[in-house]
Amino acid sequence: MKEPSVSFPDRWREALAAVPGGSVASLVGVGFPAMVRVCNPAYRIVDGGGVPVRWREMAAARGVKVDLASCSFFDAAGVRLHSGDAGAGWEIEPRVGGDPRVLVEVVSVLRRFTADPARVGMGVWDGYAGLRDRFPGTMRVGRLAYHPTVGPLGCVVDPTGWGYPANLAWTGEWLMVSDVDLPSTYVAGSEELAAALVSDGDLEAVRVDRDTPVDEPA
């Protein structure tokens, strides 16, 4: 990772610190007009590979309806994260802290709304194995500490080269959070960005607001 030259804005840090945890505002409530939740899929094993299974698909298989904006993974799948259990039509639970497959598509949308995609601020959670010794610098945002860096937008998928996606990414146009305890990514930005994410057929994305509760911790 390179040394950071795109600092996380102090006003954003203060805004997030002023909001109690448990709502979308506590993750991305920094003043942008629109916010989106992108759900990480579960996976069904087919011929040795993983086929994404969306939350609505899991809920339909159980005969239940869910509000995708606020439902937990348990609401959709009937299975707790990290319980070791599989569900109807899937064997691998959603990733927490960012799913690389999902982030590749999110990045493709963000690129259309980023003035300088060569300079994106990023933060990787400092609790990942091996990073503290290799990347000692940290910054605190909310309840967690992150190793900050800056790089091209495409590096959001793996800024360290160790297989860990960025848990924070930001520019002046948007803020993205893939919290290490949650199986969803949240993005705040313009109305146009939100509309582009929600209409992307390769994402299971939905509009949320400041008071929408976040899905359950892992």
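Data block above holds the structure.
Described in the following lines is the structure provided in the data block. Keep in mind that this is a model prediction, so the values were computed, not measured.

## Looking at the overall build of the protein chain
Then step 1. Across its full length, the protein chain holds seven helices and 10 strands.
Then step 2. Expected size for 218 residues packed as a compact globule is a radius of gyration near 17 Å; at 17 Å, the protein chain falls within 12% of this value.
Then step 3. Dimensions of the protein chain along its principal axes, counting C-alpha atoms only, are 50 × 35 × 30 Å.
Then step 4. Each of the 218 residues in the protein chain was classed as buried or not, and the buried ones make up 52%.
Then step 5. Here the contacts in the protein chain between residues at least 6 apart in sequence split such that 68% fall between residues at least 24 apart.
Then step 6. A total of about 9,600 Å² of accessible surface is found on the protein chain, and carbon and sulfur atoms cover 51% of it.
Then step 7. Positive and negative charge centroids in the protein chain, built from 21 and 28 side chains respectively, lie 2 Å apart.

## Some thoughts on the packing of helix H5 (residues 100–110) against helix H7 (residues 191–199)
Then step 1. Running from N to C, H5 and H7 point in directions that differ by 140°, and their axes come no closer than 10 Å. Accordingly, the angle class assigned to the pair H5 and H7 is oblique. You can see that H5 and H7 cross each other, and the crossing is right-handed. In this structure, H5 contributes Val106, Val109 and Leu110 to the contact, and H7 contributes Leu193, Ala196 and Leu197.

## With respect to the pattern of salt bridges
Then step 1. Going through the model one piece at a time under the given rule, you end up with six salt bridges.
Then step 2. Where glutamate 57 meets arginine 44, a salt bridge forms, and the shortest distance between an N and an O atom there is 3.7 Å. Here the residue glutamate 57 occupies a position in helix H3 (residues 55–62), and arginine 44 occupies one in strand S2 (residues 42–46), the gap between them amounting to 13 residues.
Then step 3. By relative accessible area, glutamate 57 is classed as partly exposed at 38%.
Then step 4. You can call arginine 44 partly exposed: its relative accessible area is 26%.
Then step 5. Across the salt bridge formed by arginine 143 and aspartate 181, the nearest N and O atoms sit 2.8 Å from each other. Taken together, the positions of arginine 143 in the loop between strand S5 (139–141) and strand S6 (144–151) and aspartate 181 in the loop between strand S8 (175–177) and strand S9 (184–189) put the pair 38 residues apart, joining distant regions of the chain.
Then step 6. Judged by relative accessible area, which is 48%, arginine 143 ranks as partly exposed.
Then step 7. By relative accessible area, which is 28% here, aspartate 181 ends up partly exposed.
Then step 8. Shared partners join several salt bridges into a network, and the residues in it are Arg143, Asp179 and Asp181.

## Side note on the sheet that holds strand S7 (residues 168–170)
Then step 1. Strand order in the open sheet made by the eight strands is S5-S6-S4-S7-S8-S9-S1-S10, with antiparallel pairing throughout. On the outer flanks of this sheet lie S5 and strand S10 (205–208), each paired with one strand and no other. Across this sheet, the average inter-strand angle for adjacent strands is 25°, counted without regard to direction.
Then step 2. Pairing geometry for strand S4 (residues 120–125) and S7, over three bridges, is antiparallel. Directly across from glycine 121, in S7, lies its bridge partner tryptophan 170.
Then step 3. Those strands touched by H7 are strand S1 (34–39), S9 and S10, and its axis lies near 145° from that of S10.

## Overview of H5
Then step 1. Here H5 has its buried residues at Val102, Leu103, Glu105, Val106, Val107, Val109 and Leu110.
Then step 2. In this structure, the buried side of H5 is in contact with S1, S8, S9 and H7.
Then step 3. By the N-cap criterion, in which a side-chain oxygen at the helix start approaches the backbone nitrogen of a residue two or three places on, H5 is capped by aspartate 99, the distance to arginine 101 being 2.9 Å.

## Examining the environment of leucine 168
Then step 1. Mapped onto the secondary structure, leucine 168 falls in strand S7.
Then step 2. By relative accessible area, which is 3% here, leucine 168 ends up buried.
Then step 3. Along the backbone, leucine 168 and proline 183 are 15 residues apart, and their C-alpha atoms lie at a distance of 14 Å.
Then step 4. When neighbours within four sequence positions are excluded, leucine 168 is seen to be in contact with Phe8, Gly121, Met122, Gly123, Met139, Val141, Tyr146, Met176 and Val177.

About the criteria used
- Residues numbered from 1 in each chain as written.
- Predicted model: local features only at pLDDT ≥ 70, side-chain atom pairs only at ≥ 80, totals over all residues.
- Heavy atoms only, no water.
- Helix = DSSP H or I, 4+ residues; strand = E, 2+ residues; numbered from the N terminus.
- Rg over C-alpha atoms; globule rule 2.2 N^0.38 Å.
- Buried < 20%, exposed > 50% of the residue type's maximum accessible area, 1.4 Å probe, protein only.
- Contact = heavy atoms within 4.5 Å.
- Areas by Shrake-Rupley, 256 points an atom, 1.4 Å probe, with all protein chains shown as cover.
- Lys, Arg positive; Asp, Glu negative; His and termini not counted.
- Charge placed at Lys NZ, Arg CZ, Asp CG, Glu CD.
- Axes fitted to C-alpha atoms, helices over the stretch in contact; angles between N-to-C directions.
- Parallel < 35°, antiparallel > 145°, perpendicular 65-115°, else oblique.
- Left-handed = near helix turned anticlockwise from the far one by under 90°.
- Salt bridge = Lys/Arg side-chain N within 4 Å of Asp/Glu carboxyl O.
- Pairing = 2+ DSSP bridges.
- Polar contact = N/O pair within 3.5 Å; in protein donor to acceptor, adjacent residues only side chain to side chain.

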